[in-house]
Structures are given as structure tokens and as C-alpha cells.
Amino acid sequence: MLQYQFHLQSNKAWDAMLSAISNAKHSIYLEEYILSPDRIGVTFVEALIKKAQEGLTVKLLLDWYGCKDLKNSKYYNLLIDSGVKIQFYRPPGWKWILKGAGPLPRDHRKLLILDEIVTFVGGVCIYDDITHWRDTMVEIAGPISQECLHVFFSMWHKVSRGSQNKKIHPNFETAKGFAIYANAPDTNETDFTDNLINQINNAKHGIKLVSPYFTPGNKLLPALKNALKRKVRVEILLSKYSKYAPYIVGKTQSGSLIKRGAQIYYYEPTMLHLKMMIIDDKWSAIGSCNLDCLSIHHNQEIMLTSRID
């Protein structure tokens, strides 16, 4: 049976994650886009060091760009010295130049797995500036953690062995209607994007989307326009405080949808960083994938989906 709990603000999610780390007995696996050596980041680092010194297996899979400040700080060596194993996704190197790939894609996932039983998945990074952001981590316990483990270790082995050709995961579907979908575009896998577009293309009544950034590109935008043409109700909630360029581009893209009947709202109390999709009130998804071209086409992402039949 899947047990779950929602943590609806960055600092609330951190508290729950730190409590779970403190209670871990065997292993801790953390995959993060940003882990910064500031107040909250150091709190996590110290908690992880303590558990490693107690004899637990602790592995960190970190995006190099988002975590470069940690890599260049004293806390990196403290983690290593305590026995924590660390892999960085796509550090700068000759492959960038030889392949002409540039800095993309990035590992944008936020995933914490404890004792191979309890998992946190969502959109929350670990750095002080986002303390009061409206975001979400879902804490889940049950068989779904095995799917998250597969995603984590597929990426771990891919990074540690220097190979970009390993399939990130098979297609997951659990008997209870929950599933994990990941994007791994560097191996030509966009499982979540493909699933989302398929759900939108088959929507009959309503589409509800929440994202801090909205630059839908050549897959999502036509799908939404077609849904509106079919008279499907489209509602999109965006952030009033997203970064300048995505905000302007999002406004432009929103205009073409509003003209076709979409209803678009902007969340004002604080930065909205939640990524959530609901189709026909039967299928839903929550996790790390923004509705922008980076997440949809380039970055490593992970999403928890559910279906009610």
C-alpha cells in the first residue's frame, strides 16, 4: 500500500527531509539540482556526514552547475572524508567541446530515498533564498520507492562510468495506478514529456497545469491549442515572480492560448515553484519538470504520476 504526505513549502519540505535523514537506518540517496553551502545546505551536509559516520551508505548525485559552490567549498572534502560518495552530473570537460553540446542538459531532479523504502520527490532545491517559496515535495512509502531507486542508480552508473548510452529506466506502471516517469534526453528518452503530451491529446474535459516557467515549445503548445480547439477547458497557473526572460516569453505564449479560450492565472503571494498537471481529474503528475523547453526537451527530470480509472 502506498502511503504519502505532501509538504507544501520549501522550509516545510526541508524539515521533513531532515527528520527522515535523521531516522534513516541503512542508506540515504540524494539527487539534487542545487545543494548550496549556505545555512540550510550546511544543515543538510552536517546531517549527511553524521549518518555516514554512523555507518550508513550515503550517496549524493548532484548536478555540477547547480552544486558547483558546494564542490568548491570546504564542505565537499568534509563529506568525502566522512565516507559520503558523490557523483557530479556533467562537470565541464572536453566532451562539451568535442561534442559541441555546451552546458545542457542538466540534472534537474529532486529526489531523496531513505532505506530504500521512503522517498521524497518534487521540486524543492536546497538553498536559503527559496525558504518561503510555494513548492511541494511528496513523501511516499511503498513499492514506488523501488522505481525511484532504479532511476537513481541508472543515473549513478551512467555518471560514474562516463557513459551516456544506458537507458534510464523501463516504462513503469504500478498495479495501484501510480508510476514514476523520468526524462533523460541525452539518451533520447523523454518518457514523461511523451506521457504528458499523450494525456493532453486525449483530454476530454479539462486540463489544469501549474508551473513557475512556461515556454511550452513545439510539442506542448500545439497540443494545448488542439485541446482548446476540441473545446477542452484549459487552466494554467503561473508564477508572478519567475525569472525575467521566461516570464516575458511565457506572457507571449500565454497570449496565443488566451485568444483561443485558455484561462491563465498568476500566483502572487510568493514565488510559485510547484510543477503539477491534472488531466480530466483522473490523471495527475507532480515532480521536477517545468513547462519550459529546458525541462521538456533537455534536462533530466522525474515525475510521480497517478491515475484514477
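Just so you know, the residues in each chain are numbered from 1, in the order the chain's sequence is written. Whole-chain, interface and lining totals are the exception, using all residues; otherwise, since this is a predicted model, local features are given only for residues with pLDDT of at least 70 and side-chain atom pairs are given and counted only at 80 or more. Working from all heavy atoms in the structure, the side-chain values ignore hydrogens and water.

S.K.: Requested: an account of the sheet that holds strand β2 (residues 27-32), with residues and values cited.
M.R.: Consider a sheet: its strands pair through backbone hydrogen bonds, and that pairing is either parallel or antiparallel. Spatial strand order, β1-β7-β6-β5-β2-β3-β4: seven strands in an open sheet with mixed pairing. Two strands bound the open sheet, and with one partner strand each, they are β1 (3-7) and β4 (85-89). The average angle at which neighbouring strand axes cross in this sheet is 10°, direction not considered. Criterion used throughout: strands pair if DSSP finds at least two bridges between them. Secondary structure elements follow DSSP: runs of H or I of four or more residues count as helices, runs of E of two or more count as strands, with numbering from the N terminus. As defined by bridge partners, strand β5 (residues 111-114) adjoins strand β6 (residues 118-122) across four bridges and the pair is classed as antiparallel. Among the inter-strand pairings, Leu112 is bridged to a residue of β6, identified as Phe120. Think of each axis as a best-fit line through the C-alpha atoms, taken over the contacting stretch in the case of a helix, with angles from 0 to 180 degrees between the N-to-C directions.

S.K.: I'd like to hear about the packing of helix α1 (residues 10-23) against helix α2 (residues 39-53), residue by residue, with values.
M.R.: A pair of packed helices is characterised by two quantities: the angle between their axes and the separation of those axes. Viewed as axis vectors pointing N to C, α1 and α2 meet at an angle of 15°, and their least axial separation amounts to 10 Å. Our classification of the angle between α1 and α2 gives roughly parallel. Considering the relative orientation of α1 and α2, their crossing is left-handed. Across from Trp14, Met17, Leu18, Ile21 and Ser22 in α1, the residues of α2 making contact are Ile40, Thr43, Phe44, Ala47, Leu48 and Lys51. For this classification, Asp, Glu, Lys and Arg are treated as charged, while Ala, Val, Leu, Ile, Met, Phe, Trp, Tyr, Cys and Pro are nonpolar and the rest, including Gly, are polar. Grouping the constituent residues of the contact of α1 with α2 by class yields eight nonpolar, two polar and one charged. For this classification, under 35 degrees means roughly parallel, over 145 means roughly antiparallel, 65 to 115 means roughly perpendicular, and everything else is oblique. Handedness of a crossing is defined here by the sense of rotation of the near helix relative to the far one, left-handed for an anticlockwise turn of less than a right angle and right-handed for a clockwise turn. Whether two residues are in contact is decided by their heavy atoms: any pair within 4.5 Å suffices.

S.K.: Can you lay out unusual backbone geometry for me, pointing to particular residues and giving the numbers?
M.R.: Of note in the backbone geometry, Arg90 takes a positive phi value of approximately 55° without being a glycine. Residue placement: Arg90 occurs in the loop between β4 and α5 (94-99). In this structure, Lys231 takes a positive phi of about 70° despite not being glycine. Relative to the helices and strands, Lys231 resides in the loop between α8 (217-229) and β12 (233-239).

S.K.: Which residues make up helix α4 (residues 74-82), and what are the values?
M.R.: Along α4, the residues classified as buried are Tyr75, Tyr76, Leu79 and Ser82. Seen from one end, α4 has its buried residues packed into an arc of 135°, which puts them on one side. Away from its buried face by more than 90 degrees, α4 exposes Lys74 and Asp81. Looking at the buried positions of α4, the neighbouring elements they touch are α2, β3 (57-63), α3 (64-71) and β4. Positioned one or two residues after α4, Gly83 has a phi angle of 105°, which is positive. Buried means the residue's accessible area, taken with a 1.4 Å probe over protein chains only, is under 20% of the maximum for its type, while exposed means over 50%, and partly exposed covers the values in between. What the arc measures is the spread of directions leading from the helix axis to the C-beta atoms.

S.K.: Can you tell me about the pairing of β3, naming the residues and giving the values?
M.R.: Where burial is concerned, most of β3 is hidden: six out of the seven residues are buried. Judged from the six bridges that link them, β2 and β3 form a sheet pairing that is parallel. When the bridges of β3 are listed, Tyr29 appears paired with Lys59. Assignment of crossover handedness uses the view with strands pointing away from the viewer, where a clockwise path from the first strand over the helix to the second indicates a right-handed crossover. The parallel pair β2 and β3 is bridged by α2, and the resulting crossover is right-handed.

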